[in-house]
Amino acid sequence: MKRITLDALSKKYKLLDYRELYTKVIALIQDNKIKPVKASGMNGKSPALYKEYWIVEEKQDVTGYLNELNYELVPLIATDYYRAHMEQYLEDRPWVLLLNAYIKRDKFMTQMSENERSFDIWHREKFLKQEQGKKILKRCGLDIALLNYYRTTEPIAYYCATRQTPQQLLIIENKDTFYSMRKRLTECQSLENISGQSVSGEGLQNELYSVSRTICGESIGTLIYGAGKGILAAFSDFDHSGEPYMTAQGNTILYFGDLDYEGIGIYENFASAYGTQYRILVFRTAYERMLTKAERIGIAHLPATKEGQNRKIGSLFLDQFSQPQQDKMREILESGRYIPQEILNIEDMA
């Protein structure tokens, strides 16, 4: 309930004469429109009045809304919660009625994206993602599967050097390395175009193409920007977001990221999630070049491991290297250091 002061009552009813104000306040109390706040104390005048009052809110007649819940909403919408919480129904009612009208039109036959469905029902594209939308669906007892929508992921950024299959696709954790490797492949392609003009025979040109289109000694057909952990979600829709050649039988997906707990964790989570669908390996030659270059620099000169990393890693990553290489990687990690993939520049990739 809201409070109102005696002075505010005087101004509201334009009663400057105290006796008229007293008569009005007593009448309001008798009509159960206000109640004195006894803790506010008396005003010290005769006859005395309390300094503050509670405003008694009139109970709204909800008969019409109960009838609406009982007889006008489609059976798919459960009404138990709202019949027990009428104040909440009055607050949610505009959204519930839009949902009700949508169901009546049987509009769920065509699958659409989450934001598209949200706008189609409530004229708000983010309503389903917001807490209010989730609560209304729960209060209506609706299975979210009824809405027949799909969630979207960030589009995969990639560079295609060739669509020939089978091929090796390389996922790169960080942006700088993605750009450098893309530059490496585009430079290779430029050289191939020049060399190819003086080479006769399609087979010989293809052989020249595959030999020169390499990064760290590996033939790479496509680069994919992983954006750190973003690749985990992005790949859930890879069949649709990528081109058909990317999922061709016989392809291999290589992964290359920072040599730290987080980078190793991203690979292991990625391989665990999608390893049954695709052949997923680490980009071993690139990691080997990282180790070689780090040894020249010295462990003490490597950057310190970023704080807050989950240090629990399995064996999916390390098992793909020789025992001496594994030992060196563990030595670096356990010393609180890491190797960023940016240790390799475009010259190291040749």
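Refer to the structure presented above.
The numbers attached to residues start from 1 for each chain and follow its sequence in the written order. Totals for whole chains, interfaces and linings use every residue, but because this is a predicted model, local features are given only for residues with pLDDT of at least 70 and side-chain atom pairs only at 80 or more, for both listing and counting. Based on all heavy atoms of the structure, the side-chain values leave hydrogens and waters out of the count.

In this text, helices come from DSSP runs of H or I with a minimum length of four residues, and strands from runs of E with a minimum of two, each type numbered from the N-terminal end. Within the chain, the regular secondary structure consists of 14 helices and 12 strands. Radius of gyration: over C-alpha atoms. The globule rule applied is 2.2 Å multiplied by the number of residues raised to the 0.38 power. In terms of C-alpha radius of gyration, the chain reaches 35 Å, well past the compact-globule figure of 20 Å for 350 residues. Oriented by its inertia axes, the alpha-carbon framework of the chain measures out at about 110 × 55 × 35 Å. A buried classification covers 41% of the 350 residues belonging to the chain. A separation threshold of at least 6 residues defines the contact pool for the chain, and within that pool the share at least 24 residues apart is 71%. The rule is simple: take the accessible area with a 1.4 Å probe, protein chains only, and divide by the maximum for that residue type; under 20% is buried, over 50% is exposed, in between is partly exposed. Residue contacts are counted whenever heavy atoms from the two residues lie within 4.5 Å of one another.

Multiplying one less than the number of residues by 1.5 Å gives the expected span of a helix. Under the 1.5 Å per step criterion, the end-to-end length of helix H12 (residues 261-274) is 20 Å for 14 residues, consistent within 8% with the ideal 20 Å. Of all 14 residues that make up H12, 10 are buried, and the element is covered over most of its length. What H12 keeps buried is the set Tyr-261, Gly-263, Ile-264, Gly-265, Ile-266, Tyr-267, Glu-268, Phe-270, Ala-271 and Tyr-274. The secondary structure elements touched by the buried residues of H12 are strand S7 (168-172), helix H10 (230-234), strand S11 (252-256), strand S12 (279-282) and helix H14 (323-334).

This next bit is on the nonpolar core. Among the nonpolar cores identified, the biggest contains 54 residues, and Leu-223, Phe-235, Tyr-287 and Phe-317 are the most heavily contacted of them. Ranked by residue count, the leading element in this core is H12, at seven residues. Ignoring any residue separated from it by four or fewer positions in sequence, one finds Phe-235 in contact with Ile-156, Ile-171, Ile-253, Phe-270, Tyr-274 and Tyr-278. Membership of the second largest hydrophobic core comes to 24 residues, among which are Tyr-82, Ile-103, Ile-121 and Leu-128. By convention a nonpolar core is built from buried Ala, Val, Leu, Ile, Met, Phe, Trp, Tyr and Cys residues, the set being connected through side-chain atoms within 4.5 Å.

Attention shifts here to helix H5 (residues 86-104). With 19 residues, H5 should cover 27 Å at 1.5 Å per step; its first-to-last C-alpha distance of 23 Å lies more than 12% under that length. Maximum bend of H5: about 65°, positioned at Asp-92, with proline Pro-94 one to four residues after it. Along H5, the residues classified as buried are Met-86, Gln-88, Tyr-89, Asp-92, Trp-95, Val-96, Leu-99, Asn-100, Tyr-102 and Ile-103. For H5, the elements touching its buried residues are helix H3 (63-71), helix H4 (80-84), strand S4 (112-113), helix H6 (114-122) and helix H7 (131-139). Take the seven residues that end at a residue and the seven that start at it, fit an axis to each, and the angle between those axes is the bend at that residue.

Our next topic: the pattern of salt bridges. Whenever Lys or Arg places a side-chain nitrogen within 4 Å of a carboxyl oxygen from Asp or Glu, that contact is recorded as a salt bridge. Evaluated as defined, the whole model comprises 12 salt bridges. The shortest N-O distance in the salt bridge between Lys-129 and Glu-114 comes to 3.3 Å. Of the two residues, Lys-129 is situated in the loop between H6 and H7 and Glu-114 in helix H6; the sequence distance between them amounts to 15 residues. A relative accessible area of 6% means that Glu-114 is categorised as buried. With a closest N to O distance of 2.6 Å, Lys-293 and Asp-348 form a salt bridge. With Lys-293 in helix H13 (residues 284-297) and Asp-348 in the segment after H14, this residue pair connects regions lying 55 residues apart in the sequence. Across the pair, Asp-348 and Lys-293 agree in class, each one buried. Through salt bridges that share partners, Glu-114, Lys-129 and Arg-151 make up one connected network.

Okay, the packing of H3 against H5 next. The angle between the axes and the distance between the axes are what describe a pair of packed helices. For helices, the fitted line uses only the C-alpha atoms of the stretch in contact; every axis is such a line through C-alpha atoms, and the angle between N-to-C directions lies from 0 to 180 degrees. Between H3 and H5, the shortest axis-to-axis distance is 12 Å and the interhelical angle comes to 55°. Taken together, the axes of H3 and H5 lie oblique to each other. Note on packing geometry: the crossing formed by H3 with H5 is left-handed. Here Tyr-65, Leu-66, Glu-68 and Leu-69 of H3 lie close against H5, whose contacting residues are Met-86, Tyr-89, Leu-90, Arg-93 and Leu-97. In this classification, the charged set is Asp, Glu, Lys and Arg, the nonpolar set is Ala, Val, Leu, Ile, Met, Phe, Trp, Tyr, Cys and Pro, and all remaining amino acids, among them Gly, are polar. For the contact of H3 with H5, the per-class residue count stands at seven nonpolar, no polar and two charged. Oblique is the label for every angle not falling under 35 degrees (roughly parallel), over 145 degrees (roughly antiparallel), or within 65 to 115 degrees (roughly perpendicular). With the far helix as reference, a near helix turned anticlockwise by less than a right angle produces a left-handed crossing, and one turned clockwise produces a right-handed crossing.

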